[in-house]
Every structure is written in structure tokens, then in C-alpha cells.
Amino acid sequence: MESHSSTILAVLTLLVSLSAVSLASTNSCNFPAVFNFGDSNSDTGGLSAVFGQARSPHGESFFHGPAGRYCDGRLVIDFIAKSLGLPYLSAYLDSVGSNFTHGANFATAGSTIRPQNTTIQQSGFSPISLNVQYNEFYDFLPRSQVARNRGGVFAQLMPKAEDFSRALYTFDIGQNDLTAGLFLNMSVAQVKAFVPDVLDNFKDVVKYVHSQGGRFFWIHNTGPVGCLPYVLDRLPVLPSEVDRHGCATPFNELAQFFNRGLKHAVVQLRKELPSAAITYVDVYKAKFNLISQPQKHGVKEPIRACCGHGGKYNFNPHLGCGGKIKVHGKEILVGKSCKDPSVWVNWDGVHYTQAANKKIFDQIVDGSFSNPPVPLKMACHKHH
Ligand SMILES: *[C@@H]1O[C@H](CO)[C@@H](O)[C@H](O)[C@H]1NC(C)=O
Ligand SMILES: *[C@@H]1O[C@H](CO)[C@@H](O)[C@H](O)[C@H]1NC(C)=O
Ligand SMILES: *[C@@H]1O[C@H](CO)[C@@H](O)[C@H](O)[C@H]1NC(C)=O
């Protein structure tokens, strides 16, 4: 009898705790802000503010002009902000017209996790590496509150102090660490050898953000870099190393090697930061789906660049999207022939089109590409 009732009690306790878990997991987090760290995949104006605006026809499909994004329109981070009911993120480095009430974007195009030993003029990689982005965030935290406390318009431009611990911290960075090594003529094996150091640097920054009160992390892995024209054009591989979709297998394997390491780093971070909820998102898979199953996703051109000029991939590194060429004495804008970017995956040889970004976002938003499988708006709940 005694054991019977304790069994019933145990079952009841289990039921109560199970329903508590499912109740918690159905509650939306109501993130008041998003703070983003990354590269061009999520840059909403950082590099443009410092090194010159991304040229027209960037931005044409949505903003009807350049908008600091290397894309014809919106990025995945824009769709993330929108679906959370927040405005598009202002770039931290953009001092004109920015509004940080609901977050800030520290990403810049060309950013790497590790600082590079080259200038942007030499290599094209941004000096705003992830450690610098963290420095910016570290400074933004107290100074945004000093500004806010001045009241008036400043109070309507800066986040509330309590929002930092309730915000979602998003990361999309790592691709350029891999290409930086490859473009220095390192072998795939040599690049793999430094990946652990890159991931250690990444983990440090997540821990620093946590030490400043950040609790909810949404971490994108890196995409199939071997499917991008700027890599295919610059680093030709043997025909036997090209897969049936036209992607360079060694570089996609390198990206997946990085991603396995990143996933492992996330597992370690969860142990070291038990108060954090950290979601790892398989953006690689969402991107590769568009390229490997084009018809299913309404794609007509999976690999070639829409806004480009010439060559096998409609990509010429010396005549990029928005550049000017002379044909029969007439000046023509590179990208003018890109009439319908909505059926192309690749925009300018390096970045995805707005249509592709929306399709990537639609795949990841419900958590089906995430570990743990939590939807975006519930990424404050721990399931590990
Ligand atoms: C830059 O140079 C320093 C000193 O030689 C080295 O420790 C570091 O790994 C280099 N960084 C990169 C990204 O190669
Ligand atoms: C900044 O954005 C917030 C949210 O959209 C808005 O309420 C606020 O008025 C904006 N600030 C200014 C100065 O326009
Ligand atoms: C890499 O190799 C190519 C082809 O041999 C060469 O043109 C280029 O200068 C090399 N780049 C670096 C950074 O060494």
C-alpha cells in the first residue's frame, strides 16, 4: 500500500513537472532586443558606415537603394528581427539615423572571429573581428545608459538597462576565418589545424557576453562555402572534387568540419554557462537545401551570381556587383541584367539574395534545424 501511494505520488509529480516543462516551452520569450555579432551574412550597415556604402543595385528589391547590406534586400537577421516584432537592427558603427532601442548590430562584412594580420586593403577582411565587436558591445552597455539617462530623444534611442539580460544574442560568423586561410594558399588540412583556435576565440566571446548579463544565444553555423562563386572562381578544384550540384567538396567538408567543432563548442558552453540557453542552428543545411533541391524551393539558378559579370559563374572579382563596364563605348552597370533575383540563390557571388535569405529563415524559424529544436521565439527556454 505504502509503495503504491508513493508510486502514485511519483507519477503525479512527474505529470506536474512534465506539464510545467511543456507550459514553459509554449511561452514566447518576448525578446525586447536583439544584439547581433557577425560578418556580411548579417551586416546591416557596419562596413558601409566605415568603408563606403554598398553600391547600387544592392538594396534594390526592398529598400529601393543601398541600405548597408550586401544583398538586393533583407538578410536573415532582418527576418529574425521582423518575426520577433522588432525593427530592423541599426549597425552600431552607423552614426547617422540609428536607433538602438531594440538592439544593435555589431557585424561587419568581411569580419572574422580571429583578428587577421592583414589590412582590409590587402585582403578584403574587415578589421572589426569578433573580439572588436565584443569591445564595442562592452562599451555600448554602460554608455547607452548614460545617454538614456539624459532623457528626451536619447531615451527613445537606447535600450533599457533590464533589456540586456532579456535580449537575444545572435551570432553568424566563421566563414571568413576559413576563406582567409584558403586565400593565403593554405591547404584544407592547414586551415583545419587552426580551427580549434578560432573556436576557442568564439567561445571566449560568448562567455564575455554572458559575463555582462547575456543569457539567450542563437548561434548560426557556417554555410556551404564551396558553393559560392567567389570561392569556386578563385580556388578551382579538380573535376573529381566537384559534387553533382557544382559545389567544391573539399571546401564544403571544411565548413562541416568547422560546424562539428562549433557544435561541440556549444555543448561545452552549456556546461560552463548553466544559466544560459544556447541554440545551435544548422544554417548550412538550410542553405544547402536551396542549392541541392532547387525545384522544391522555387529556385531557377542555384549557383551562379545574379549581380555579376562574365565567366562560368557570372562572377568577376575585378568587376563586382555595382561596378561599371564599358560595352561598345556605353557604360553599363554590373547587375543590370539581374532582372529577377527572386529565383536566384546567389546575389553577388558572395552573398545570398533576399529571396534565398527568406527561404533560409523560413526553414530555421520553427526550430527544425536547431539543437535543441526550439523555435526562434522560444529560444530563451533551456532544453538541455
Ligand atoms: C597573426 O600573427 C600572430 C603572431 O605571429 C599569430 O599568433 C596569429 O595566429 C596570427 N593570426 C592569424 C589569424 O593568422
Ligand atoms: C526608436 O525606435 C523606437 C521603436 O521603434 C521608437 O519607439 C522610437 O520613437 C524611435 N526613436 C526615435 C527618436 O525616433
Ligand atoms: C597564392 O597562389 C597564387 C597562385 O600560385 C598566387 O598568385 C598568389 O599570389 C598566392 N597568394 C598568396 C597570398 O600567397
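The rules behind the values
- Residues numbered from 1 in each chain as written.
- Chains lettered and ligands numbered in written order.
- Predicted model: local features only at pLDDT ≥ 70, side-chain atom pairs only at ≥ 80, totals over all residues.
- Heavy atoms only, no water.
- Near = heavy atom within 4 Å.
- Polar contact = N/O pair within 3.5 Å; in protein donor to acceptor, adjacent residues only side chain to side chain.
- Areas by Shrake-Rupley, 256 points an atom, 1.4 Å probe, with all protein chains shown as cover.
- Nonpolar A, V, L, I, M, F, W, Y, C, P; charged D, E, K, R; others polar.
- Helix = DSSP H or I, 4+ residues; strand = E, 2+ residues; numbered from the N terminus.
- Contact = heavy atoms within 4.5 Å.
- Axes fitted to C-alpha atoms, helices over the stretch in contact; angles between N-to-C directions.
- Parallel < 35°, antiparallel > 145°, perpendicular 65-115°, else oblique.
- Left-handed = near helix turned anticlockwise from the far one by under 90°.
- Salt bridge = Lys/Arg side-chain N within 4 Å of Asp/Glu carboxyl O.
- Buried < 20%, exposed > 50% of the residue type's maximum accessible area, 1.4 Å probe, protein only.
- Disulfide = S-S within 2.5 Å.
- 1 Å grid on protein atoms, 1.4 Å probe; cavity = no way out; pocket = protein on both sides within 12 Å on 5 of 7 lines; lining within 4 Å.
- Points joined across faces, edges and corners; volume = space filled by probe spheres on them.
- Pairing = 2+ DSSP bridges.
- Core = buried A, V, L, I, M, F, W, Y, C linked by side-chain atoms within 4.5 Å.

The name recorded for the protein chain in an unreviewed UniProt entry is Putative alpha-L-fucosidase, from Rosa chinensis.

A. Region of interest: the site of ligand 2. Residues in close proximity to ligand 2 include Pro87, Asn99, Thr101, His102, Val153, Gln156 and Leu157, which together make up its full environment. In this structure, an oxygen atom belonging to ligand 2 sits 2.3 Å away from a side-chain N or O atom of Asn99. At 2.7 Å from a nitrogen atom of ligand 2 is found a main-chain nitrogen or oxygen belonging to Gln156. Against a free-state accessible area of 360 Å², the protein chains account for coverage of 51% of ligand 2. A per-class count over the shell around ligand 2 returns three nonpolar, four polar and no charged.

B. Quick look at the site of ligand 1. Around ligand 1, the structure places Arg114, Pro115, Gln116 and Asn117. Between ligand 1 and the protein, one listed contact pairs an oxygen atom with a side-chain N or O atom of Asn117 at 2.3 Å. Protein contacts shield 40% of the accessible area of ligand 1, which totals 360 Å² for the unbound molecule. When the residues that make up the shell around ligand 1 are grouped by side-chain class, the tally is one nonpolar, two polar and one charged.

C. Focus on the side chain of Thr179. Its place among the elements puts Thr179 in helix 6 (residues 175–183). With sequence-adjacent residues up to four places away left out, Thr179 is seen in contact with Phe125, Val225, Tyr230 and Val231.

D. Examining the environment of Pro250 more closely. Position of Pro250 relative to the elements: it lies in helix 9 (residues 249–272). When the C-alpha positions of Pro250 and Gly226 are compared, they lie 7.3 Å apart, and in sequence the two are 24 residues distant. What Pro250 contacts, discounting residues up to four positions off in sequence, is Val188, Val237 and Glu241.

E. Representation of the packing of helix 10 (residues 283–292) against helix 11 (residues 354–364) in the model. Two elements in contact, helix 10 and helix 11, have axes separated by 9 Å at closest approach and are oriented at 130°. With respect to their mutual orientation, helix 10 and helix 11 come out oblique. As for how helix 10 packs across helix 11, the hand of that crossing is right-handed. Contacts from Val283, Ala286, Lys287, Asn289 and Leu290 of helix 10 reach helix 11 at Ala356, Lys359, Ile360, Gln363 and Ile364. Broken down by class, the residue content of the contact of helix 10 with helix 11 amounts to six nonpolar, two polar and two charged.

F. Just the pattern of salt bridges, in detail. Tallied over the entire structure, the rule returns eight salt bridges. Of the charged contacts, one joins Arg143 and Asp139 as a salt bridge, the two residues approaching to 2.8 Å between their closest N and O atoms. Of this pair, Arg143 and Asp139 both sit in helix 5 (residues 130–149), four residues apart, which is roughly one turn of the helix. The class of Asp139 is partly exposed, set by a relative accessible area of 32%. Linking Glu301 and Arg304 is a salt bridge whose minimum nitrogen-to-oxygen distance equals 2.8 Å.

G. Just the state of the cysteines, in detail. Counting across every chain of the model gives four disulfides. The disulfide that involves Cys227 links it to Cys247, with 2.2 Å between the sulfurs. Here Cys227 and Cys247 share a disulfide; its torsion about the S-S bond, 105°, makes the bridge right-handed. Of this pair, Cys227 sits in the loop between strand 4 (216–220) and helix 8 (229–234) while Cys247 is found in the loop between helix 8 and helix 9, placing the two residues 20 residues apart along the sequence.

H. The environment of Ala49, seen in detail. Along the chain, the position of Ala49 falls in helix 2 (residues 46–51). For Ala49 and Val345, which are 296 residues apart along the polypeptide, the C-alpha to C-alpha distance reads 26 Å. Leave out the neighbours within four places in its chain, and Ala49 touches Leu93 and Asp94.

I. Just the layout of surface pockets, in detail. Size it by volume and the largest pocket reaches roughly 990 Å³. In terms of lining residues, the largest pocket is bounded by 31 residues, among which Tyr70, Gly124, Pro317, Val350 and His351 are the most central. Where the lining of the largest pocket is concerned, the elements lending two or more residues are helix 2, helix 4 (120–123), helix 6 and helix 8. When residues in the lining of the largest pocket are grouped by element, the largest group, four residues, is from helix 6. Taken together, the residues of the lining of the largest pocket break down into 13 nonpolar, 14 polar and four charged.

J. Layout of the sheet that holds strand 1 (residues 34–38). Pairing is mixed in the open sheet, where six strands are placed in the order 2-1-3-4-5-10. The open sheet has two edge strands, strand 2 (103–105) and strand 10 (370–371), and neither has a second partner. Pairing between strand 1 and strand 3 (residues 168–172): five bridges, direction parallel. Paired with Val34 across the two strands is Leu168, which belongs to strand 3. Most of the contacts of helix 3 (residues 76–83) go to strand 4, to which it runs at about 150°, and overall it touches strand 1, strand 3 and strand 4.

K. Representation of the nonpolar core in the model. Judged by nonpolar contacts, the single largest core of 95 residues is most densely connected at Phe35, Phe137, Tyr169 and Phe171. The contact partners of Phe171, leaving out residues within four places of it in the chain, are Asn36, Phe37, Leu130, Phe202, Val205, Val206, Val209, Phe217, Trp218, Ile219 and His220. Formed by seven residues, the second largest nonpolar core is a distinct cluster that contains Cys307, Cys321, Cys338 and Trp347.

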